[in-house]
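# A closer look at the structure
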Amino acid sequence: MSTDETQNICGLRREDFQTTINGKQTDLYILRNSLGNEIAVTNYGGAIVAIMVPDKDGNLANVIQGHDNIQDVINSPEPYLSTLIGRYGNRIKEGKFQLNGKEYQLAINNGPNALHGGPNGFHSKVWDANQVNDHAIVLKYVSSYGEESFTGEVVVWVAYTFTDSNELIIKYQATSNKKTVINLTHHAFFSLQGIANPTPAIDNQLCEINADFYLPIDETSIPTGEILKVDGTPFDFRKEKAIGQDIDADNEQIKNGSGYDHCFVLNKKEEGELSFAAHLKEPVSGRTMDVYTTEPGMQLYSDNWADGYKGQNGATFPRRSAVCFECQHFPDSPNRPYFPSVILKPGQPYTQKTIYRFGIDE
């Protein structure tokens, strides 16, 4: 990477992301494509701190929420802000599950439940980084046996690639030396109009989700176990509609999530196929984003808990100023045998691929 920081169109400086944590170095890595667009990543938690893509007039803006220095990333009011999530994305009821006849108890860090691999999950680890070329980086992390109370030593590789089609491709691979559970995802907070002070609300962004069913949740945000049709509910995004249209509907599920914080069951012809999951269109800038994934589910999160905290380059992040499309297996799957399996066995590779493709509405 060039040491001439003035060449980073995102305005982030490499030295602001450099520190040593438990003997491991953190840094900032810049991915560029031939169109002159840019993605900035730090190997602390795999956090993506900039995605610079054009609007309909060709103006570049950062469309992802993050911080502009390593200390703010570490101490963020939103610890999962645009980071990699593991070992288990989303929630596990009361942090308990059984595997091989043994009960495991995880840390409780979200009401009565375990969330996103625990307080010291993958989002808070320094990953080994190898920038393979101008537009790709591979991150590696070895999660030790017993880390955050999970069994098995798990070796994880995540590759970020920024293509000349303005696609951010995230490929995940993992192996374990013992039978364990795993559910990896990326918790990107997208603000397609561009981050600002304050970052605009997402209410008028038009969203389509390729799902006929969703998972209802209880008042602690754990799936009830039902798989319900979206038809006739605020969760019907099969045709494009504004995110804000039903976000405060008089609906028990909306109240349980304080907005959208639900897993959608993506329509698939076959298990593990890479297929269309969602489309997002921001009418002011004309920016669009399409999501493709091999995962069976996608958590739609409408950023219901932000309070206007400070982000990169003077931006602030009010409530509902971002939307997350977290491609993943279903929440609480270890306790729901009929959900797609999250068990990883020795010798069996875990693989996953998710694509975020940025464009302009013609």
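Everything numeric here is computed off the predicted structure, so don't read it as measured data.

Here the focus is the overall build of the protein chain. On a plain count of helices and strands, the protein chain comes out with two helices and 30 strands. A globule of 362 residues ought to have a C-alpha radius of gyration of about 21 Å, and the protein chain, at 19 Å, matches this closely. With the principal axes as the frame, the protein chain shows a C-alpha extent of 55 × 50 × 35 Å. Buried positions account for 59% of the 362 residues belonging to the protein chain. Within the protein chain, contacts between residues at least 6 apart in sequence are counted, and of these 66% link residues at least 24 apart. Surface summary for the protein chain: the accessible area is close to 14,200 Å², and the carbon and sulfur share equals 46%. Counting 31 positive and 46 negative side-chain charges, the protein chain places the centres of these two groups 6 Å from one another.

As summarised here, the arrangement of the nine strands in space is S12-S13-S14-S15-S30-S24-S23-S18-S21, forming an open sheet in which the pairing is antiparallel. Edge positions in the open sheet fall to strand S12 (128–133) and strand S21 (241–242), since each of these has one partner strand only. Strand direction decides the pairing type here: strand S24 (residues 287–293) and strand S30 (residues 350–360), joined by seven bridges, are antiparallel. Paired with tyrosine 292 across the two strands is isoleucine 355, which belongs to S30.

Turning our eyes to something else, we now look at the confidence of the model for the protein chain. The predicted model of the protein chain has a mean per-residue pLDDT of 97, with 98% of residues at 70 or higher. Here residues 1–5 is modelled with pLDDT under 50, and outside its nearest four sequence neighbours on either side it reaches 11 contacts, counting other chains as well.

To continue, consider the side chain of glutamine 312. Within the secondary structure layout, glutamine 312 lies in the loop between strand S26 (309–310) and strand S27 (316–317). Reaching out from glutamine 312, the side chain makes a polar contact with the backbone oxygen of valine 49 at a distance of 2.6 Å. Leave out the neighbours within four places in its chain, and glutamine 312 touches Leu12, Val49, Asn62, Ile64, Gln65, Gly66, His67, Asp68, Ile195 and Phe317.

What follows concerns the side chain of serine 221. With respect to the helices and strands, serine 221 occurs in the loop between strand S19 (211–215) and strand S20 (228–229). Setting aside its immediate chain neighbours within four residues, serine 221 contacts Arg91 and Asn256.

Moving on to the nonpolar core. Ile51, Tyr160, Ile209, Phe325 and Phe358 are the most contacted members of the largest nonpolar core, which totals 57 residues. Looking at which element gives the most residues to this core, the answer is strand S14 (residues 154–162), with five residues. Core analysis: the second largest hydrophobic core is formed by 14 residues, Phe17, Leu28, Val49 and Ile70 among them.

Time to look at the pattern of salt bridges. Inspection of every chain in the model, using the stated rule, returns 16 salt bridges. With a closest N to O distance of 3.4 Å, lysine 24 and aspartate 128 form a salt bridge. Of this pair, lysine 24 sits in strand S2 (residues 24–26) while aspartate 128 sits in strand S12, and the two are 104 residues apart along the sequence. With a relative accessible area of 42%, aspartate 128 lands in the partly exposed category. Three or more residues joined by partner-sharing salt bridges are found here, namely Asp212, Asp231, Asp236 and Arg238.

By the secondary structure assignment, asparagine 33 is in the loop between strand S3 (28–32) and strand S4 (38–42). Overall, asparagine 33 belongs to the buried group, its relative accessible area being 8%. Through-space distance from the C-alpha of asparagine 33 to that of proline 223 is 40 Å; in sequence the pair is 190 residues apart. In this structure asparagine 33 touches Phe162, Thr163, Asp164 and Asn166, once residues within four positions along its chain are discounted. A distance of 2.9 Å separates a polar side-chain atom of asparagine 33 from the backbone oxygen of threonine 163.

Procedures and definitions
Residues numbered from 1 in each chain as written. Predicted model: local features only at pLDDT ≥ 70, side-chain atom pairs only at ≥ 80, totals over all residues. Heavy atoms only, no water. Helix = DSSP H or I, 4+ residues; strand = E, 2+ residues; numbered from the N terminus. Rg over C-alpha atoms; globule rule 2.2 N^0.38 Å. Buried < 20%, exposed > 50% of the residue type's maximum accessible area, 1.4 Å probe, protein only. Contact = heavy atoms within 4.5 Å. Areas by Shrake-Rupley, 256 points an atom, 1.4 Å probe, with all protein chains shown as cover. Lys, Arg positive; Asp, Glu negative; His and termini not counted. Charge placed at Lys NZ, Arg CZ, Asp CG, Glu CD. Pairing = 2+ DSSP bridges. pLDDT = per-residue confidence, 0-100. Polar contact = N/O pair within 3.5 Å; in protein donor to acceptor, adjacent residues only side chain to side chain. Core = buried A, V, L, I, M, F, W, Y, C linked by side-chain atoms within 4.5 Å. Salt bridge = Lys/Arg side-chain N within 4 Å of Asp/Glu carboxyl O.

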